[in-house]
Structures are given as C-alpha cells and as structure tokens.
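# Understanding the architecture of this molecule
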Amino acid sequence: MTVLTVKTSHREELVDVTRQVQTAADKTGVESGIVICFVPHTTAGITINEDADPDVQRDIIDKLSREIPRDDGFHHTEGNSDAHIKASLMGSSVQVLLETGQLVLGRWQGIFFCEFDGPRSRQLLVKVARFA
Ligand code: ZN
C-alpha cells in the first residue's frame, strides 16, 4: 500500500491526484489490475470527474456549498457537519482499472481528492491488486 500526502490549501477544494495515483501504480510494476484509492478521513472524500475544465470542479464545490450550508442547525458540536455530509456524498473510495500499467480513465476524467474541512495535510491510500 502507498500512502500519498495531499496538502490542501482551502477549506473546500478538489485536488487533482491523478498523476500521483499513476505514479504510485507505476512503482508496483503491475501491468494489469485494479487500483483502489481510499480516503481515511471523515471530512474529505474522493471522486472521478472532468479533468479538462476547472470550472467543473468549482461548480461541484459551489453547488455542494449552496445545498449544504456550513451553519444549518446541525447537532454535531465540532461545527463541521457540512463537511461530514459532503464527504459522505462524494464517498471514501474509487476504483480504477489498470491496463498495460496505465490507469484506464475516460478521456476527460481525472481523480479528485475532495477537501471539505481544510486546509490540512491529508492522506490518500493507494493499493494495487494484480489480476492473474
Ligand atoms: Zn466533525
């Protein structure tokens, strides 16, 4: 397993981690398999979406913020319930096929670490399983 560090610089942001995940996969030498990316945090998530127009990432963050305001009468006293909810909506893991050592992503797709309670130094766990 590879533990990647993702340093975020805003409270909420999507960080393109596609290259880091590919590099982690490269180091395993696996040609054919599946790459599992797991976020071990409760206020951050991970998703696959458009990697071409950065406005898509901005729109995702903006829409989530409008739908799930930071202060909305939540019970959790830590004051970051919005981040917990957004993290659950995005999910904690993604899986990507690996063929000839390359992540199999659609032309416009990238893997994004989703920060909802930053800025922080975060972890992203990457495991590559080899297909027989
Ligand atoms: Zn909390």
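### Observations regarding the coordination of the zinc ion
Taken together, His 76 (NE2), Glu 78 (OE), Asn 80 (OD1) and His 84 (NE2) make up the protein donors of the zinc ion, found 1.9 to 2.2 Å from the metal. One can describe the donor arrangement at the zinc ion as irregular, given that its four donor atoms subtend angles of 91 to 151 degrees at the metal. Binding-site remark: the zinc ion is held by donors from one chain whose sequence spacing is H-x1-E-x1-N-x3-H. With relative accessibility at 34%, the residue His 76 sits in the partly exposed group. Residue Glu 78 is classed as exposed on the basis of its relative accessible area of 56%.

### As for helix 2 (residues 54-67)
For helix 2, which comprises 14 residues, the first-to-last C-alpha distance of 20 Å matches the rise-based estimate of 20 Å (1.5 Å per residue) to within 8%. For helix 2, the complete set of buried residues consists of Gln 57, Ile 60, Ile 61 and Leu 64. One side of helix 2 carries all its buried residues, which in axial view fall inside an arc of 90 degrees. Set apart from the buried face of helix 2 by more than 90 degrees, the exposed residues are Arg 58, Arg 66 and Glu 67. Looking at the buried positions of helix 2, the neighbouring elements they touch are strand 2 (13-16), strand 4 (44-50), helix 3 (81-90) and strand 7 (109-115). Its side-chain oxygen at 2.9 Å from the backbone nitrogen of Asp 55, Asp 53 defines the N-terminal cap of helix 2.

Scoring rules and cut-offs
Residues numbered from 1 in each chain as written. Predicted model: local features only at pLDDT ≥ 70, side-chain atom pairs only at ≥ 80, totals over all residues. Heavy atoms only, no water. Donors = N, O, S within 2.8 Å, 3.2 Å for Na, K, Ca; no water. Tetrahedral: all angles 85-135°; square planar, octahedral: opposite > 155°, others 65-115°. Buried < 20%, exposed > 50% of the residue type's maximum accessible area, 1.4 Å probe, protein only. Helix = DSSP H or I, 4+ residues; strand = E, 2+ residues; numbered from the N terminus. Expected span 1.5 Å × (residues − 1). Arc of directions from axis to C-beta. Contact = heavy atoms within 4.5 Å. Polar contact = N/O pair within 3.5 Å; in protein donor to acceptor, adjacent residues only side chain to side chain.

Any link to function would need more than the numbers given here.
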